[in-house]
Amino acid sequence: MSKKFLTDVIVQSTEMPAIAANRLAADLIAAIKTEITGTGRFTLPDFGSFVVKETPKRTAMNPRTGEKVAVKAGATVRFKASPALKDAALASMKKAKKKAKA
């Protein structure tokens, strides 16, 4: 999904001018970022949740040289789909398989 996709959806559903819809999409993305950085979590019911997880420091291996490299501790954002989204995706996948067989 992209900002342009969000803008297009907003324009189609509200008949809002594209410039205003683009600004709204940018504001939505900024609000989500602010919530994730502030609380470490952002949840949309029937869609899923974004959660910040800490990654520990570790030792990795350079695949070219085989040399061991120290990797610093950090953080990443993980997404967990809601049961409703999982069910919808599964139903869509089954439908596509049936259509491909026909």
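These notes cover the structure that comes with them. (Residues numbered from 1 in each chain as written. Predicted model: local features only at pLDDT ≥ 70, side-chain atom pairs only at ≥ 80, totals over all residues. Heavy atoms only, no water.)

**Focus on the packing of aromatic side chains**
Working step 1: All chains considered together, the criterion is met by two aromatic pairs.
Working step 2: Note on Phe47 and Phe79: the rings are 5.4 Å apart at their centroids and 50 degrees apart in plane angle, and the pair reads as tilted. In this pair, Phe47 sits in the loop between strand E1 (41–44) and strand E2 (48–55) while Phe79 sits in strand E5 (residues 74–81), placing the two residues 32 residues apart along the sequence.
Working step 3: Judged by relative accessible area, Phe47 falls into the partly exposed class, the value being 30%.
Working step 4: Put simply, the rings of Phe47, Phe50 and Phe79 pair up and form one aromatic cluster. (Phe/Tyr/Trp six-rings, centres within 6.5 Å; stacked < 30°, edge-to-face > 60°. Helix = DSSP H or I, 4+ residues; strand = E, 2+ residues; numbered from the N terminus. Buried < 20%, exposed > 50% of the residue type's maximum accessible area, 1.4 Å probe, protein only.)

**Considerations on the pairing of E1**
Working step 1: Of the strand pairs in this sheet, E1 and E2 are connected by four bridges, and their pairing is antiparallel. Counted as the bridge partner of Thr43 is Ser49 from E2.
Working step 2: With antiparallel pairing between neighbouring strands as the criterion, E1 and E2 make up a hairpin whose turn holds three residues, including Asp46 at a positive phi of roughly 65 degrees. (Pairing = 2+ DSSP bridges.)

**Some thoughts on helix H1 (residues 3–14)**
Working step 1: Along its 12 residues, H1 runs 16 Å from first to last C-alpha, staying within 8% of the 16 Å computed at 1.5 Å per residue.
Working step 2: Of the residues one or two after H1, Glu15 is the one with positive phi, at around 60 degrees. (Expected span 1.5 Å × (residues − 1).)

**As for the pattern of salt bridges**
Working step 1: Tallied over the entire structure, the rule returns one salt bridge.
Working step 2: A salt bridge links Lys4 to Asp8, with the shortest nitrogen-to-oxygen separation between them at 3.1 Å. Taken together, the positions of Lys4 and Asp8, both in helix H1 and four residues apart, correspond to about one turn of that helix.
Working step 3: A residue is classified by how much of its surface remains accessible, and Asp8, at 33% relative accessible area, is partly exposed. (Salt bridge = Lys/Arg side-chain N within 4 Å of Asp/Glu carboxyl O.)

**A closer look at unusual backbone geometry**
Working step 1: The phi angle at Glu15 is positive, at roughly 60 degrees, despite the residue not being glycine.
Working step 2: Of note, Glu15 is situated in the loop between H1 and helix H2 (18–39).
Working step 3: The residue Asp46 is not glycine, and still its phi comes out positive at about 65 degrees.
Working step 4: Position of Asp46 among the secondary structure elements: in the loop between E1 and E2.

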